[in-house]
Amino acid sequence: MSKQRAKLVVGNWKMHGRLEANATLLQAIARRAAALPADVRVAVCVPFPYLAQVQSLLEGSRVAWGVQDVSANAQGAYTGEVAAEMAREFGASFAIVGHSERRAYHYESAELVAVKTQRALEAGLTPIVCVGETLEQREAGTTEQVVDVQLGEVLAKLSSEEAAQIVVAYEPVWAIGTGRSATAAQAQQVHAFLRAQLAAKGAAVADVPLLYGGSVKPDNAEELFRQRDIDGGLIGGASLKEADFIAICEAAAAASAAQAS
Ligand code: PEP
């Protein structure tokens, strides 16, 4: 029997937030996350300007923090970009890379995402590598080919020791922000495919956390997180609401307990 993996729930605030509202939300999440079992890890990925705020409010709590992108370059004349090392200086643990909004609106290629993954790892951040198909690609039956290329490009650039340190998030583009989540069975099918792809890179890589993202809400989270290859979630809209985000973290705890029994 394979060992049980911890659950990980990560909020992606996208371009939302204001100092005052952030403080209320972060303090509530930190307070309530303290009651979660040890096998549920929680993090929030915030806009860059709020890194100092999250560091001062979350330091010493059960909630880690991170950013939503990093530059492909370590430093230099790249106006407007933010280096992974800079985020690390503010105590960040995670960096989302290759979110579908960046692939779509900033034309990020699979290769660029792979380089960003390397930069994040070099800086000591855990990259959360996002992959996922569009509705058109799903309807054309090419979901597995699409995620295979997206993840394959990243794995090709990493040693197996490096690959063992990443997190992968399967986020079908048609489910993000639409209120239309993948069913648990649809998500599990793609996660099993990704798990096999990771395992082919080495035994240690097989157990990297595989998150599902796309309209996760309190009422569908537990069923998703109970699936064999779903180790938690990347949460957009619901991560901005204290009660919803905490309920999703509690669903991860319930799913973990169910899997252990
Ligand atoms: C996301 O942006 O990564 C996401 C999953 O968004 P939502 O939960 O709002 O669908």
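Residues numbered from 1 in each chain as written. Predicted model: local features only at pLDDT ≥ 70, side-chain atom pairs only at ≥ 80, totals over all residues. Heavy atoms only, no water.

(A) Examining the nonpolar core more closely. One finds V44, L125, Y212 and F225 to be the most contacted residues of the largest nonpolar core, which totals 69 residues. It is helix α11 (residues 242-260) that contributes the most residues to this core, 8 residues altogether. Apart from residues lying up to four places away in sequence, L125 is in contact with V70, A84, A87, R88, A92, S93, F94, A95 and A120. Membership of the second largest hydrophobic core comes to 13 residues, among which are V10, A64, I128 and L211. (Core = buried A, V, L, I, M, F, W, Y, C linked by side-chain atoms within 4.5 Å. Buried < 20%, exposed > 50% of the residue type's maximum accessible area, 1.4 Å probe, protein only. Helix = DSSP H or I, 4+ residues; strand = E, 2+ residues; numbered from the N terminus. Contact = heavy atoms within 4.5 Å.)

(B) Representation of the UniProt feature "binding site: substrate" (unreviewed entry) in the protein within the structure. The positions that UniProt labels "binding site: substrate" (unreviewed entry) are, in the present scheme, N12, W13, K14, G177, S215, G236 and G237. Spanning 226 residues, the annotated positions come together in the fold, the maximum distance between their C-alpha atoms being 13.9 Å. If you take the residues mentioned a moment ago, the ones lining the largest pocket come down to N12 and K14. In this structure, K14 sits in the loop between β1 (7-12) and α1 (19-33). Filtering out sequence-adjacent residues up to four positions away, K14 remains in contact with P47, Q68, H99, E101, I176 and G236. Tracing the chain through its elements places G177 in the loop between β6 (167-170) and α9 (184-199). (UniProt positions renumbered as here; feature names shortened; annotations may be inferred. 1 Å grid on protein atoms, 1.4 Å probe; cavity = no way out; pocket = protein on both sides within 12 Å on 5 of 7 lines; lining within 4 Å.)

(C) Spatial organisation of the site of the ligand. As a matter of local geometry, the ligand sits amid 14 residues, with K14, E171, G177, S215 and G237 nearest to it. Within the side chain of H99, a nitrogen or oxygen atom sits 2.9 Å from an oxygen atom of the ligand. The backbone of G237 places a nitrogen or oxygen atom 2.8 Å from an oxygen atom of the ligand. For the ligand, whose unbound accessible area comes to 290 Å², protein coverage reaches 97%. By residue class, the composition of the shell around the ligand is 4 nonpolar, 8 polar and 2 charged. (Near = heavy atom within 4 Å. Polar contact = N/O pair within 3.5 Å; in protein donor to acceptor, adjacent residues only side chain to side chain. Areas by Shrake-Rupley, 256 points an atom, 1.4 Å probe, with all protein chains shown as cover. Nonpolar A, V, L, I, M, F, W, Y, C, P; charged D, E, K, R; others polar.)

(D) Focus on helix α2 (residues 51-58). Those residues of α2 lying buried are L51, Q53, V54, Q55 and L58. On its buried face, α2 is in contact with α1, β2 (40-45), β3 (63-67) and α3 (84-89). Note on α2: the residue one or two positions beyond its end, G60, has a positive phi of about 85°.

(E) Region of interest: the environment of A243. With respect to the element layout, A243 can be found in helix α11. Linking A243 and T126, residues 117 residues apart in sequence, is a C-alpha distance of 27 Å.

(F) Representation of the environment of F193. Mapped onto the elements of the fold, F193 is located in helix α9. Residue classification places F193 among the partly exposed residues on the basis of a relative accessible area of 24%. When near neighbours in sequence (up to four residues on either side) are disregarded, F193 contacts E144, V147 and D148.

(G) Structural context of the pattern of salt bridges. Enumeration according to the criterion identifies 15 salt bridges in this entry. Across the pair R5 and D229 runs a salt bridge whose closest N-O atoms are separated by 3.9 Å. With a gap of 224 residues between them, R5 in the segment before β1 and D229 in the loop between α10 (218-225) and β8 (232-235) connect regions that are remote in the sequence. On the basis of relative accessibility, which here comes to 16%, the residue R5 falls in the buried class. Overall, the relative accessible area of 8% leaves D229 in the buried class. When the shortest N-O distance is used, the salt bridge between E101 and K14 registers 2.7 Å. A residue pair is termed long-range when its members are at least 10 positions apart, and E101 in helix α4 (residues 100-105) and K14 in the loop between β1 and α1 qualify at 87 residues. Each member of the salt-bridge network shares a partner with another, and the members are R5, R195, D207, D229 and D231. (Salt bridge = Lys/Arg side-chain N within 4 Å of Asp/Glu carboxyl O.)

(H) Quick peek at the side chain of T117. Here T117 shows up in helix α5 (residues 110-122). The contacts of T117, once residues within four sequence positions are left out, are V97, P127, V129, V154, L158 and I166.

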